[in-house]
Structure formats: C-alpha cells, structure tokens
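# Inside the fold
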Amino acid sequence: PFYDGVLCRIGVLGDLSRLPHQVGVQGQVFTIVNDEDYFYPDLMRGMIVDGDMGRDITKYTGSTTGTSRDNEICSAYSPITWQVDRKCHMISASSFDKMCADMKSQRDDMSDDLYAHGSRELVDPKFTANNQHNRALRGN
C-alpha cells in the first residue's frame, strides 16, 4: 500500500489499525517573498513554530491526500489527525531553495517530490467527520 508518497516505510508501522495513533499531518500556508528577513533554514523538520508561526492551530480528522483520492475512491488510511496553522505567513523564496537542496541530499530518493503536485477536490460534506470547527472568514 503506497500512494502519493505516503507510508514509504510501512513495515515500521506494523499493525495498520494503529495508524491514527502513529501518523499525523501538519500544514502551514505561506506567501513567498524575496526578502531574506523571512528565511527559515530547515523546512524538512516539520512545522515552523517561531513567533506567531505554528501557534494558532486547528485540529481535525481527515485522511491521506492526493489527486488519486476523491469522493469515489477513498483513502484506506484514515482517520489521520491534521494540525493546520490558521494563519498565512511570509517566507523567503530561498527557504524553499534550501528545502529542495536538503531533499536532494537525503539518502532516500525524493526526486518525485521536487515538483509541484496537484491537490485533491474538496470532499463532499456527507463524507466528512463531524468534529471539525468551521470558522467564518472576515468580511463574510
């Protein structure tokens, strides 16, 4: 079972019924700028927690993602806990240059992850968990 870059070392996980206790997703959204004041040198190690980055987090139940999963073909790997920073932060373009260089230097081949990937369609609400907290956007 391997799709969209998930579970590349499935033997380490063992019993997949424990997957929700062993795997989670962290996410942050960035505006990329040409300003070295916003350089972060180690995007390979997870969510940036610095100042207001990584502080205002929402958590919800989801699944693995990717364009090969949709409202017809569900992920077998769920529930997965998602932890997402609610704010959009500025980050320098060179931070991503550094991350790509770090990815190229890994022992495992990460060349398939060095280009932009598509995103999955939003899941129909009838398939979503009922534990998310929807937050109204300002001005709406």
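Residues numbered from 1 in each chain as written. Predicted model: local features only at pLDDT ≥ 70, side-chain atom pairs only at ≥ 80, totals over all residues. Heavy atoms only, no water.

Another point: a negative patch on the surface. A surface patch of like charges, here negative, comprises Asp108, Asp109, Asp112 and Asp113. Within the secondary structure layout, aspartate 112 lies in the segment after α3 (93-104). (Patch = residues over 30% accessible without salt bridge, like charges linked within 9 Å, V, L, I, M, F, W, Y side chains within 5 Å. Areas by Shrake-Rupley, 256 points an atom, 1.4 Å probe, with all protein chains shown as cover. Salt bridge = Lys/Arg side-chain N within 4 Å of Asp/Glu carboxyl O. Lys, Arg positive; Asp, Glu negative; His and termini not counted. Charge placed at Lys NZ, Arg CZ, Asp CG, Glu CD. Helix = DSSP H or I, 4+ residues; strand = E, 2+ residues; numbered from the N terminus.)

Here the focus is the confidence of the model for the chain. Predicted confidence across the chain gives a mean pLDDT of 80, with 81% of residues reaching 70 or more. Mean pLDDT across the secondary structure elements of the chain bottoms out at helix α1 (residues 10-13), with 64, and peaks at α3, with 94. (pLDDT = per-residue confidence, 0-100.)

It is worth spelling out the nonpolar core at this point. When a protein is soluble and globular, its nonpolar side chains tend to lie buried together. Ranked by size, the top nonpolar core spans seven residues in total: Tyr40, Leu43, Ile48, Met53, Ile91, Met99 and Met103. Those residues in contact with methionine 53, other than ones at most four positions away along the chain, are Gln28, Phe30, Tyr40, Ile48, Asp85, His89 and Met90. Leu19, Ile80, Trp82 and Val84 belong to the second largest nonpolar core, which has five residues in total. (Core = buried A, V, L, I, M, F, W, Y, C linked by side-chain atoms within 4.5 Å. Buried < 20%, exposed > 50% of the residue type's maximum accessible area, 1.4 Å probe, protein only. Contact = heavy atoms within 4.5 Å.)

Over its twelve residues, α3 runs 17 Å from end to end, which matches the ideal 16 Å to within 8%, given 1.5 Å per residue. Burial in α3 covers these residues: Ser94, Ser95, Met99, Asp102 and Met103. Structurally, α3 contributes buried residues whose contacts are with β3 (80-92). (Expected span 1.5 Å × (residues − 1).)

A few words on the pattern of salt bridges. Opposite charge on two side chains makes pairing possible when the charged atoms of those side chains draw close. Applying the stated rule across the entire model yields three salt bridges. In this structure, the salt-bridge partner of aspartate 42 is arginine 45, at a minimum N-O distance of 3.9 Å. Two residues, aspartate 56 and arginine 86, come together in a salt bridge whose shortest N-O distance is 3.4 Å. Placement of the pair is aspartate 56 in the loop between β1 (24-33) and β2 (57-62) and arginine 86 in strand β3, with a sequence separation of 30 residues. Under the relative-accessibility criterion, aspartate 56 is labelled partly exposed at 28%.

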